[in-house]
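What follows is the residue order along each chain.
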Amino acid sequence: MKSAIKLSAIVLIVSIIFSCQPKSHDRLANASRSDKNGWIYIHLEGSPSDIGYQHGYLVAKEIDTLLKVMQFYLPKTTEKSWAFYRAAAGRFLWNKIDKEYQDEIKGIAEGLQAKGMKYDSLDIAALNANIELSSYYVPQLMEKAKPGSGKNRAPGNCSAFIATGSYTKDHKIVIAHNNWTDYIEGERWNVIADIKPEKGNHILMDCAPGFIHSGDDFVVSSSGILITETTITGFEGFDTTKAPEFVRARKAAQYSNSIDDVIKAMTTDNNGGYANDWLIGDTKTNEVAKLELGLKDFKVWRSKDTAIIGSNFPSDPKLIKEETNFNVNDPTSSPNARKLRMEKLVGIDYKGKLTDATGKVIEGDTYDALDNKQAMNRCVIDGHVDQDPKGVPEWHEGPYYPMGAVQGKVTTSDLAKNMQLWAHMGHPAGDDFLAAPYFAKHPEYQWQSKYLRDMKAYPWTLFTAKH
């Protein structure tokens, strides 16, 4: 009897000890990944650290490949090693990243490490900042070393519009965007991130693997805010003492409840990196706005009855004069030619008819307004610089350079209320880029063949955030 009592006491003590032990935390709980029509959809949920870990773990293979692409490509195009970019991230970026996002970046690195990959937080920070470092910071260094050598390095990415009021069929917001970038990285810009953080808004956005921000940018938030942008061609300026663009952009997406909130997030502690025309909508009021943001200058236009376009051209005369070398009078430039076409489509042909369906058509448009014909070149909304004998000199892209529109997104006020967006991987018009025949025609770019592969066009696909 005594033995039985003694045994029961031991069992009780052991069970109490184990019940007091903290339960193991499953960092992947509530996270998921699914692949569809060229896209990687990921649902990330929880603390900043867990969101990062989920991202790094679920998209490890693709992040690894994109980092290898950057380590290969940036030294070729900027003459700066990956070690240089890591050092810059550590020297003046890291301490300007909010702790919340430092934790998310560390989490991504930990997720990669859990998959056996030897990356750290500086690799992920440099990846997120690659545009502002390579296209704004490096050109600034080039200009200091040799005046003129850093000109036309700011990227010319994207064709977009936002419209509301009498311009749309239901008088609510329609927003659409296609991402222009070098195919070697753009073909891999294929993540739809559904992020439900502990604090702030639930956000649905496209991004590149390993990004904590959209990057190109297209965002739907649970607060009813919609955000996209197009880059300012010919921009010059960067301040290493201010906050990175990728941090401000993520803050704007996660914490903004109004157009004013977005403007405040983007203009506060602004480093000038990735200078854009930000197109912003508030589905609660159906008001839309454009924030043209340089380093020293910014200007805002806003209305409840307008259509605002973006194709990499600046509009504010003061910003143009003080912070760019953009030629507003050159009709042959890609930004100006696309501006002409988008003004006609959005402001005339589809005025009062703009919907998600017509948004898809516009983002896949291949009519050259300069020569008044269908074409595949720098001047069309669904850009094909790889087929253009002129290239894009204003972006420092040579003839037939392998870049152009790599994907597209569209949403509306009604879709956004359900946290939905349409996304299209590959040229929005449906054309495939095939690497082998391209290299046969243009052996001067054969050096990219290690990573430049086919970019197939997939169907438009509707994505919905998990509630």
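Preceding block: the structure.
A brief look at the structure comes next. (Residues numbered from 1 in each chain as written. Predicted model: local features only at pLDDT ≥ 70, side-chain atom pairs only at ≥ 80, totals over all residues. Heavy atoms only, no water.)

### Considerations on the pattern of salt bridges
Right, on to step 1. This model, assessed by the stated rule, comprises 25 salt bridges.
Right, on to step 2. Across the salt bridge formed by Lys318 and Glu322, the nearest N and O atoms sit 3.2 Å from each other. With a gap of four residues between them, Lys318 and Glu322 both fall in helix H11 (residues 317-323), about one helical turn apart.
Right, on to step 3. Classification of Lys318 as partly exposed rests on a relative accessible area of 45%.
Right, on to step 4. Classification of Glu322 by relative accessible area gives partly exposed; the value is 40%.
Right, on to step 5. Residues joined by salt bridges that share partners form a network here, namely Arg27, Asp50 and Glu110. (Salt bridge = Lys/Arg side-chain N within 4 Å of Asp/Glu carboxyl O. Helix = DSSP H or I, 4+ residues; strand = E, 2+ residues; numbered from the N terminus. Buried < 20%, exposed > 50% of the residue type's maximum accessible area, 1.4 Å probe, protein only.)

### Some thoughts on the environment of Gly391
Right, on to step 1. Within the secondary structure, Gly391 sits in the loop between strand S14 (373-374) and strand S15 (403-412).
Right, on to step 2. Those residues in contact with Gly391, other than ones at most four positions away along the chain, are Arg378, Val385, Glu397, Gly398, Pro399 and Tyr400. (Contact = heavy atoms within 4.5 Å.)

### Observations concerning the layout of surface pockets
Right, on to step 1. Approximately 580 Å³ is the volume found for the largest pocket.
Right, on to step 2. Forming the walls of the largest pocket are 31 residues, and the residues nearest its centre are Thr77, Ser135, Arg153, Asp182 and Glu397.
Right, on to step 3. Per element, the largest residue contribution to the lining of the largest pocket is seven residues, and it comes from helix H7 (residues 130-145).
Right, on to step 4. Partitioning the lining of the largest pocket into residue classes produces 15 nonpolar, 11 polar and five charged.
Right, on to step 5. Here the second largest pocket defines a volume of roughly 300 Å³.
Right, on to step 6. Lining the second largest pocket we find 16 residues, and of these Glu62, Glu187, Arg188, Asn190 and Arg453 sit closest to its centre.
Right, on to step 7. Residue contributions to the lining of the second largest pocket peak at three residues, all from helix H3 (residues 60-78). (1 Å grid on protein atoms, 1.4 Å probe; cavity = no way out; pocket = protein on both sides within 12 Å on 5 of 7 lines; lining within 4 Å. Points joined across faces, edges and corners; volume = space filled by probe spheres on them. Nonpolar A, V, L, I, M, F, W, Y, C, P; charged D, E, K, R; others polar.)

### Some remarks on the sheet that holds strand S4 (residues 174-182)
Consider a sheet: its strands pair through backbone hydrogen bonds, and that pairing is either parallel or antiparallel.
Right, on to step 1. Taken together, six strands build an open sheet; the order of strands is S12-S3-S4-S15-S16-S17 and the sheet is antiparallel. Two strands lie at the open edges of the sheet, namely strand S12 (306-310) and strand S17 (461-464), each paired on one side alone. Sheet twist, expressed as the average angle between the axes of neighbouring strands with direction ignored, equals 20°.
Right, on to step 2. Across five bridges, the pairing between strand S3 (residues 159-164) and S4 is antiparallel. Paired with Ser159 across the two strands is Asn178, which belongs to S4.
Right, on to step 3. Across the sheet, helix H12 (residues 334-349) lies against S3, S4 and S12, angled at about 155° from S12, the strand it touches most. (Pairing = 2+ DSSP bridges. Axes fitted to C-alpha atoms, helices over the stretch in contact; angles between N-to-C directions.)

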